[in-house]
Amino acid sequence: MAKVVAVTGNEAVAYALKQVNPDVSAAYPITPATDIMQRFTSYVSNGQVKTEMVLAESEHSAMSGCIGASAAGGRVMTATSSQGMALMWEELFIASGSRLPIVMALVNRALSAPLNIHGDHSDGMGARDCGWIQLWSENAQEAYDNTIQAFRIAEHMDIRLPAMVCLDGFIISHSIERMEYIDDDAVKNFVGEFKALNPLLDIEHPVSYGPLILTDYYMEYRKAHAEVMSKVSKVVLDAAKEFEKISGRKYGLFETYRLDDAEIGLVILNSAAGTSKDVIDSFREKGIKAGLLKPRLFRPFPYEEIGNALKNLKAVCVLDRADAFGGSYGPLFIDIAASLYPHKNGPVLMNKIYGLGGRDYLPGHAELVLNELVDIAKTGKVKMIKEYIGVRE
Amino acid sequence: MATPLTLKELSKKEVLLTSGHRMCSGCGAPIIVKMVLLASEYPIVAANATGCLEVSTCISDYTAWKIPWIHNAFENAAATLSGVETMYRSLKKQGKIDKDIKFIAFGGDGGTYDIGFQSLSGAMERGHDMLYICYDNGAYMNTGIQRSSATPYGADTTTCPAGSVIQGKPQPRKNLTKIMAAHDIPYVAQASPSNWSDLVKKVKKALEIKGPKFMNILSPCNRGWRSRTDDAIMLSRLGVETCYWPLYEIENGVTKVTFKPKEKKPLVDFLKPQGRFKHLFAPENENMLKNFQEMVDKEWGSLLKASGTE
Amino acid sequence: MKLKGWKDVNPGAVCTEAGSALKFKTGSWRAYRPKWVEENCIQCLFCWAYCPDMAVFVKDGKMTGFNYDYCKGCGICALECPGKKGNKAIVMEEEGK
């Protein structure tokens, strides 16, 4: 029986981790992710999980410890944000290149400088090319559900890649929402027993992790990694199907909201999608065919599926909560544009940068953008392809 | 049953680092690793910081290790092994592993004194049951002999070259062994491959102690020291006999000098065969030699005092 | 040796064959070759202990020769060899002479 609760996003993720009950976690505190590990270590201190902690002296060491623990042959998780993720950067590539299925909650926060502890997507976007799977979450429920599914996806024998579950700092991590917890047993059965692959602790079969690979083989390993990435979508969908059976909640590679017959649409990640959906409802009431697409699996990016979902719209605005300096457009925009590249008569695109450093994204912003899209749909002309919104001149 | 400590008995054990590794001819590091692995009566799982030892012993499909081994990156052998050891404790507690396994990290001086110092300090403070071994060759040899905080005073390296204004490294070495002792961990020792029996005994002792242990082992590098390929053992012996590299241990806070040369040799005996100190023998650098000798005398004196063997 | 394609490499580049470096012979690096003079050998085994390349054969606690497949010719064994009555049991000879 599912249990209805009122909890914060961090609390929900910590509870999912408790139910998954990993063998080891190595972690380091950072706002706003700290709360996840605080809650989790209280489960450890009270004997509610079997997990052994490595309370590391930095995020770099936390991820290094996760890598050692995962290679040793057991289930491993951690959580971080922003600067912590930035300090882990080197290790993120080593975790994925070594094909270690570590699960990490990334409570999205802006990157310094200037120093800011609030939510934006600069951290997750900075790590988008590090070979991890990324699942993004709109609210506490999705963060909880994605955390549970992430273990199953990452540890799948066809995949064996690390996965991060993203949720917006403070907006989701620290806000209380109504949501449902699944039964402990159902979660336990869903993630299943951890299956080790080449465990270091199997002393009868000694293995060496982390060889030097020179010009003769490096590309073969990279190609093999790319190939595994191409299998992730299917495993994500299979896991979602199974997950629906225990939760009643449907997940895909992305969520569409009133998109089927839409002429104009927003593409937006995480918490701001909720606000946008409300505004889309009010536009629909006015007879305007507006819709929304919210990516869930951001890495690997489902180009084909997203391209097909958006190709028939007239105008689309991609809202980025991070900028890609010098890359002209926001990171999400770049991927959406690439997904529409094969469709010659696809929608006119524009890109808005919003909500950096926790700046509020308000219904008024969505209205502004949708009104602009209405004009673009009529004229086919965009005034400015990329623009910051909610910023003072 | 424990193997009696003779080379004859040790030689009957399988060496768990194989031939076919690509360390330079005459390198001290594989000699150290061999002795460390031979000392253990337990299965070992090792971690290795990026460095000469790591890049030369595991390349592509060729691994020289016959024990489970992990290389992660440069600065995190201790943190990586923390994770491995923690998983071991978790799985053992769950009844999924029953064997007694010991954990050893190997790092060069760059990966230990410098970039890996935080990770090492953290792992020691957390109390992981592991032995961290630094093979100290006194510079970043793998990247081409750059200065590290373990580089001796006056040594010529590629980033503190002896020139017309600066005569090699102006600063003395960081005394890492003492710093590790200041962590109040149960066992800290210094060893040299020349004194194989002392080295093996120290590793054996360390592996019997639960908790974090640290050993600093002098590792001659003929490329970086600008010496001959056959003198690794000779130089490490001179390091010990001149008291440049004193052999001692600190067990539960008690310092013990484990080898006291019958006659303490002058430091120049250790310096002279090494090209990295050549410039110190120029007449104008006489004071540097004097300073260096004084540094060595001071440390040796304080060690004797600490061990009550003055 | 035929190089493997990307479909055949191990996940995560993990080496699953312990000690496979034995397939890589380093003997060709050698410029000088150690020669064992058995009559001067006191079986101290210093050569075995100090060899960085594990290239000294030992059987039943006795040195029996060199493994020239791997010996890099550093000469540590010869330098450390105490020999008998001042006569070394290991001498270095130039390769190809």
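Keep in mind that what you see is a predicted model, and the values were worked out from it rather than measured. (Residues numbered from 1 in each chain as written. Chains lettered and ligands numbered in written order. Predicted model: local features only at pLDDT ≥ 70, side-chain atom pairs only at ≥ 80, totals over all residues. Heavy atoms only, no water.)

With that settled, the discussion passes to the layout of surface pockets. Of the pockets and cavities examined, the largest pocket occupies roughly 800 Å³. Mapped onto the lining of the largest pocket, the elements with two or more residues apiece are α4 (82-97) and α8 (218-247) of chain A together with α3 (52-57) of chain B. Broken down by element, the residue count for the lining of the largest pocket peaks at eight residues, all from α8(A). Here the second largest pocket is characterised by a volume of approximately 420 Å³. Along its surface, the second largest pocket is lined by 19 residues, and Leu111(A), Asp120(A), Ser122(A), Phe325(A) and Leu356(A) are the ones closest to its centre. Ranked by residues supplied to the lining of the second largest pocket, first place goes to helix α5 (residues 122-126) of chain A with three residues. The residue makeup of the lining of the second largest pocket, split by class, is twelve nonpolar, four polar and three charged. (1 Å grid on protein atoms, 1.4 Å probe; cavity = no way out; pocket = protein on both sides within 12 Å on 5 of 7 lines; lining within 4 Å. Points joined across faces, edges and corners; volume = space filled by probe spheres on them. Helix = DSSP H or I, 4+ residues; strand = E, 2+ residues; numbered from the N terminus. Nonpolar A, V, L, I, M, F, W, Y, C, P; charged D, E, K, R; others polar.)

All right, on to the packing of aromatic side chains then. For the structure shown, the criterion picks out 25 aromatic pairs over all chains. Their ring planes at 35° and their centres at 4.7 Å tell us that Tyr329(A) and Phe333(A) sit as a pair that is tilted. Overall, Tyr329(A) belongs to the partly exposed group, its relative accessible area being 26%. Between Phe46(C) and Tyr50(C), the aromatic rings sit 5.8 Å apart at their centres with planes inclined by 40°, giving tilted as the arrangement. (Phe/Tyr/Trp six-rings, centres within 6.5 Å; stacked < 30°, edge-to-face > 60°. Buried < 20%, exposed > 50% of the residue type's maximum accessible area, 1.4 Å probe, protein only.)

Before going further, it helps to examine the confidence of the model for chain B. Model confidence for chain B is summarised by a mean pLDDT of 97, while 99% of its residues fall at 70 or above. Both scores are given for the predicted complex: the pTM is 0.98, the ipTM 0.97. (pLDDT = per-residue confidence, 0-100.)

As a further point, take the environment of Tyr50(C). Residue position: Tyr50(C) is located in helix α1 (residues 46-50). As for Tyr50(C) and Tyr68(C), which are separated by 18 residues in sequence, their C-alpha atoms are 16 Å apart. With residues up to four places along the chain from it excluded, the contact list for Tyr50(C) reads Ile31(B), Lys34(B), Met35(B), Pro193(B), Ser194(B), Trp196(B), Ile233(B), Arg237(B), Ile76(C) and Glu80(C). (Contact = heavy atoms within 4.5 Å.)

Turning to unusual backbone geometry, a few remarks are in order. Residues and elements named next belong to chain A. Cis geometry marks the peptide bond from Thr 31 to Pro 32, where omega comes out at -5°. Structurally, the position occupied by Pro 32 is in the loop between β2 (24-27) and α2 (34-45). In this model, Ala 113 is joined to Pro 114 through a cis peptide bond whose omega is -5°. Mapped onto the secondary structure, Pro 114 falls in the loop between β5 (103-108) and α5. In this structure, Phe 170 is a non-glycine residue whose phi angle is positive, near 65°. The topology assignment puts Phe 170 in the loop between β7 (163-168) and β8 (176-181).

The next point concerns the interface of chain B and chain A. Contact with chain B, which involves 43 residues of that partner, is made by 43 residues of chain A. When chain B packs against chain A, close to 3,100 Å² is buried across both sides, 60% of that on carbon and sulfur atoms. In this assembly, chain B and chain A are joined by four salt bridges. The partner of Arg89(B) in a salt bridge is Glu52(A), with the nearest N and O atoms 3.1 Å apart. If you look at where chain B meets chain A, you find 18 residue pairs in polar contact (both at pLDDT 80 or more). When residues of the side of chain B that touches chain A are assigned to their parent elements, the largest contribution, twelve residues, is made by helix α4 (residues 77-93) of chain B. Residues of the side of chain B that touches chain A, tallied by class, amount to 19 nonpolar, 15 polar and nine charged. Pairing analysis gives two bridges linking strand β9 (residues 208-209) of chain A to strand β4 (residues 69-71) of chain B, with the strands arranged parallel. Its bridge partner lying in β4(B), Ser208(A) is registered against Trp69(B). (Buried area = accessible area lost by both parts, 1.4 Å probe. Salt bridge = Lys/Arg side-chain N within 4 Å of Asp/Glu carboxyl O. Polar contact = N/O pair within 3.5 Å; in protein donor to acceptor, adjacent residues only side chain to side chain. Pairing = 2+ DSSP bridges.)

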